[in-house]
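Residues per chain, in single letters:
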Amino acid sequence: MIPPVVLAPLAGGPSTPELAAAVASAGGLGFVAAGYLAPDELARRLARARELSDGPLGVNLFVLEAQPVDDDAVAAYARLLAAEGHEVGEPRFDDDHFAEKLAVALDAGVDVISTTFGPPPANLVEAAHAAKIAVWATVASVDDAKRAVASRADVLVAQGSEAGGHRASFDDTDEHDTPLLELLSALRDAVDLPLVASGAIADRTTAAAALAAGAVAVQAGTAFLLCHEAGTSAPHREAVTRGGPTRITRAFTGRRARGIVNTFMRDHPDAPSAYPQIHYVTAPLRAAARAAGDAEQINLWAGTRVDLARERAAADVVAGLRP
């Protein structure tokens, strides 16, 4: 059974064991984001979440394969940032410790393993199914969905273009920027798997619209950013509280993602497509800005309905999204 409300993974800070556990205890599915964590830290967070709740928990994994990138463009972007006075890191590719984190998730006995940026690999599907763990794939297009079905995913998380954070599309292009309700309609006609709706799900009205369009459950992320249990940084919280327009950018990580428009995003509209290379280039400057409380130089991931986010307990957000 799929819980009616799903916590988006929220990698990179907002995801905490306390937030996942609170959502799970309130009748939702609580995700612990594996992205950017060391494997032993993921294990610690999963253990802590399970201490706090016996409700359903999931882990989200990045599926990354090395792609050709324009090394000259990456180097030029790093030089530009350095010339602006920013501390920059060395660009590199890695797969975010996929194998080790998969092993951690399997050992933890989670209820769901979800993937983003690519279809679930065969070894993940085989191991998860052998352990009676459901496999969910996050998709942003019919092509993504068909590849996920071929990979034997059990559930598809349909990410509309309104969603905050990284685009889940398997290819880093703008060809898959489809609004949620339109995407749900297309997927409903193309595949025969349960659909979880993600993108601008912020209250009962937006949740009901997604369910009416064919989703069996809704996934929300921005709605949880101001929760007491979330690890959202102080400058990110302040920006979400203020609200404002959002836009998709590659400026921070080299992969298209939606956030609240700020100075860094406006100043760097032409960052190259190179993930995670650009993520590593900008990591030091973002860490410094976050420590200084400077919201103008960090990624402020948020969806288009950021105006509906409120400071409250996670259980209250879950209650407000339930049918």
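It should be emphasised that the depicted structure is a prediction, and the values quoted were computed from it without experimental measurement.

Caption draft 1: Local environment of the sheet that holds strand 10 (residues 246–249). The strand order 7-11-10 describes an open sheet built from 3 strands, whose pairing is antiparallel. Each of the sheet's edge strands pairs with one partner strand only, and the pair in question is strand 7 (165–166) and strand 10. Bridging between strand 7 and strand 11 (residues 257–260) involves 2 bridges; their strand directions are antiparallel. Opposite His166, over in strand 11, you have Ala257 as the bridge partner.

Caption draft 2: Region of the structure containing the sheet that holds strand 2 (residues 30–33). Read across the sheet, 8 strands follow the order 1-9-8-6-5-4-3-2 without closing on themselves; strand pairing throughout is parallel. The sheet terminates laterally at strand 1 (5–7) and strand 2, the two strands that pair on one side only. Ignoring strand direction, the axes of neighbouring strands in this sheet form an average angle of 30°. Across 5 bridges, strand 3 (residues 57–62) lies against strand 4 (residues 112–116) in parallel orientation. Across the sheet, the residue bridging to Asn60 is Ser114, located in strand 4. Sheet strands in contact with helix 7 (residues 180–190) are strand 5 (134–139), strand 6 (155–159) and strand 8 (195–198), and its direction is about 165° off that of strand 8.

Caption draft 3: Layout of the packing of aromatic side chains. Taken as a whole, this structure holds 6 aromatic pairs when the rule is applied. Judged by centre distance (5.9 Å) and plane angle (85°), the ring pair of Phe252 and Trp301 falls under edge-to-face. Residue Phe252 is found in the loop between strand 10 and strand 11, and its partner Trp301 is found in the loop between helix 11 (277–292) and helix 12 (314–321); the two are separated by 49 residues along the sequence. We note that Phe252, like Trp301, is buried. Ring-pair connections join several aromatic residues into one group, and the members of that group are Tyr36, Phe62, Phe117 and Tyr275. The ring of Tyr280 has Arg92 sitting right over it, with the charged end atom 3.6 Å from the ring centre.

Caption draft 4: The nonpolar core, seen in detail. Membership of the largest hydrophobic core comes to 72 residues, with the highest contact counts inside it found for Ile113, Leu156, Leu184 and Phe224. Tallying contributions element by element places helix 1 (residues 17–25) first for this core, with 5 residues.

Caption draft 5: Summary view of the pattern of salt bridges. For the structure on display, the rule yields 11 salt bridges. With a closest N to O distance of 3.3 Å, Arg167 and Asp177 form a salt bridge. Of the two residues, Arg167 sits in the loop between strand 7 and helix 7 while Asp177 sits in the loop between strand 7 and helix 7, which places them 10 residues apart along the sequence. Owing to a relative accessible area of 1%, Arg167 belongs among the buried residues under this scheme.

Caption draft 6: Structural view of helix 9 (residues 234–242). Among the residues of helix 9, those classed as buried are Pro235, His236, Ala239 and Val240. For helix 9, the angular spread of the buried residues around the axis is 135°, confining them to a single face. Across helix 9 from its buried face, at more than 90 degrees, point the exposed residues Thr241 and Arg242. A positive backbone phi angle near 75° is found at Gly243, which sits one or two residues after helix 9.

Criteria and cut-off values
Residues numbered from 1 in each chain as written. Predicted model: local features only at pLDDT ≥ 70, side-chain atom pairs only at ≥ 80, totals over all residues. Heavy atoms only, no water. Pairing = 2+ DSSP bridges. Helix = DSSP H or I, 4+ residues; strand = E, 2+ residues; numbered from the N terminus. Axes fitted to C-alpha atoms, helices over the stretch in contact; angles between N-to-C directions. Contact = heavy atoms within 4.5 Å. Phe/Tyr/Trp six-rings, centres within 6.5 Å; stacked < 30°, edge-to-face > 60°. Buried < 20%, exposed > 50% of the residue type's maximum accessible area, 1.4 Å probe, protein only. Lys NZ or Arg CZ within 6 Å of the ring centre and 35° of its normal. Core = buried A, V, L, I, M, F, W, Y, C linked by side-chain atoms within 4.5 Å. Salt bridge = Lys/Arg side-chain N within 4 Å of Asp/Glu carboxyl O. Arc of directions from axis to C-beta.

That's the geometry; what it means functionally is another story.
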